[in-house]
Amino acid sequence: MPECREPVTELYRDAHLLVVNKPAFLLSVPGRAAENRDCVTTRLKRADPDPRLVHRLDLDTSGVMVFALTREAQSALSRAFQQRRMAKGYQAVVQGRVQEDEGEIDLPLCPDWPNRPLQKVCFETGKPALTRWRVLERNAEHRYTRLRLAPVTGRTHQLRIHCREIGHPILGCDLYAPPEVLGRSDRLLLHAETLAFNHPITGLWSEFHSPVPF
């Protein structure tokens, strides 16, 4: 696993929550192996004694993460994620030219048990997974399309698999892209650009943004 030298940067803080920007190649929580102890939560604990996890981003994905700083905020934010009251926006750069301007991908997902940690589409045992997408840019010269992705559900590897299933794997994806697409980028070109929700204490609609680094 590549060593991540980029810092975790603070985007917002109040008495109840902390919003940060996670760099790519950094775990959200510690891994089991000793060499995988470096992660977002470990770094945050250097300044905050008890940052409370409410969601995760994949190792390879960068972007906005929110942590609770109190038990009450953690409970409210966790419910918001479970009840799909979080508005999540990602940008991805995918292989090829996406013809339509926008659409939905509705394909159920479940673990691919013989090939863990991979997931797969399964209409028999998969859980519902819905992604809305919109084209931001088409680059004919370099054969890629930039997409805005809005996952309604939050299944593991949902955006990676859904993009692959419509024939446009994400550049730099080491799990679901063919070798020639993986080799087009030295990182996964997937970034959690925006996260918006009702503040867990005040109830006010709050939006947070992280600039896309690619």
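Here the structure is shown first, and the text comes after it.
Description of the structure in this document. Computed from a prediction, not measured in an experiment: that's the story for all the values here.

Definitions and limits used
Residues numbered from 1 in each chain as written. Predicted model: local features only at pLDDT ≥ 70, side-chain atom pairs only at ≥ 80, totals over all residues. Heavy atoms only, no water. Helix = DSSP H or I, 4+ residues; strand = E, 2+ residues; numbered from the N terminus. Rg over C-alpha atoms; globule rule 2.2 N^0.38 Å. Buried < 20%, exposed > 50% of the residue type's maximum accessible area, 1.4 Å probe, protein only. Contact = heavy atoms within 4.5 Å. Areas by Shrake-Rupley, 256 points an atom, 1.4 Å probe, with all protein chains shown as cover. Lys, Arg positive; Asp, Glu negative; His and termini not counted. Charge placed at Lys NZ, Arg CZ, Asp CG, Glu CD. Core = buried A, V, L, I, M, F, W, Y, C linked by side-chain atoms within 4.5 Å. Phe/Tyr/Trp six-rings, centres within 6.5 Å; stacked < 30°, edge-to-face > 60°.

Further remarks concern the overall build of the protein chain. Scanning the protein chain from terminus to terminus reveals four helices and 12 strands. The C-alpha atoms of the protein chain give 17 Å as radius of gyration, which agrees with the globular expectation for 214 residues (17 Å, within 12%). Considered along the principal axes of its C-alpha atoms, the protein chain spans approximately 45 × 35 × 35 Å. The buried share of the protein chain, taken over its 214 residues, is 50%. Of all intrachain contacts in the protein chain linking residues separated by at least 6 positions in sequence, the fraction that spans at least 24 positions is 58%. Taken as a whole, the protein chain presents about 11,300 Å² of accessible surface, with 48% of it coming from carbon and sulfur. Charge centroids of the protein chain, computed over 30 positive and 26 negative side chains, lie 5 Å from each other.

Let us now look at the nonpolar core. By size, the foremost hydrophobic cluster in this structure holds 36 residues, and its most contacted members are Leu147, Leu149, Ile170 and Leu190. Contributing elements (two or more residues each) for this core: strand S2 (17-22), helix H1 (40-44), strand S4 (62-68), strand S5 (87-95), strand S9 (130-139), strand S10 (144-151), helix H3 (158-165) and strand S11 (190-198). When residues of this core are assigned to their parent elements, the largest contribution, four residues, is made by S5. Ranked by size, the runner-up nonpolar core spans 14 residues in total, among them Val54, Val64, Ala73 and Ala80.

Structurally, Ser28 can be placed in the loop between S2 and H1. With a relative accessible area of 4%, Ser28 lands in the buried category. Residues in contact with Ser28, not counting those within four places in the same chain, are Lys22, Cys39, Val40, Thr41, Arg56, Leu57 and Met65.

This part takes up the packing of aromatic side chains. Overall, the coordinates contain two aromatic pairs when judged by the stated rule. For the ring pair Tyr12 and Phe208, a centre distance of 5.2 Å and an interplane angle of 45° mean the geometry is tilted. Of this pair, Tyr12 sits in strand S1 (residues 9-13) while Phe208 sits in strand S12 (residues 205-209), placing them 196 residues apart in sequence. Aromatic side chains Phe197 and Phe208 sit 5.6 Å apart centroid to centroid with 35° between the ring planes, which places their arrangement in the tilted category. Of this pair, Phe197 sits in strand S11 while Phe208 sits in strand S12; the two residues are 11 residues apart in sequence, bridging distant segments of the chain. The pair formed by Phe197 and Phe208 is uniform in burial state, with each residue classed as buried. Of the aromatic side chains, those joined through ring pairs into one cluster are Tyr12, Phe197 and Phe208.

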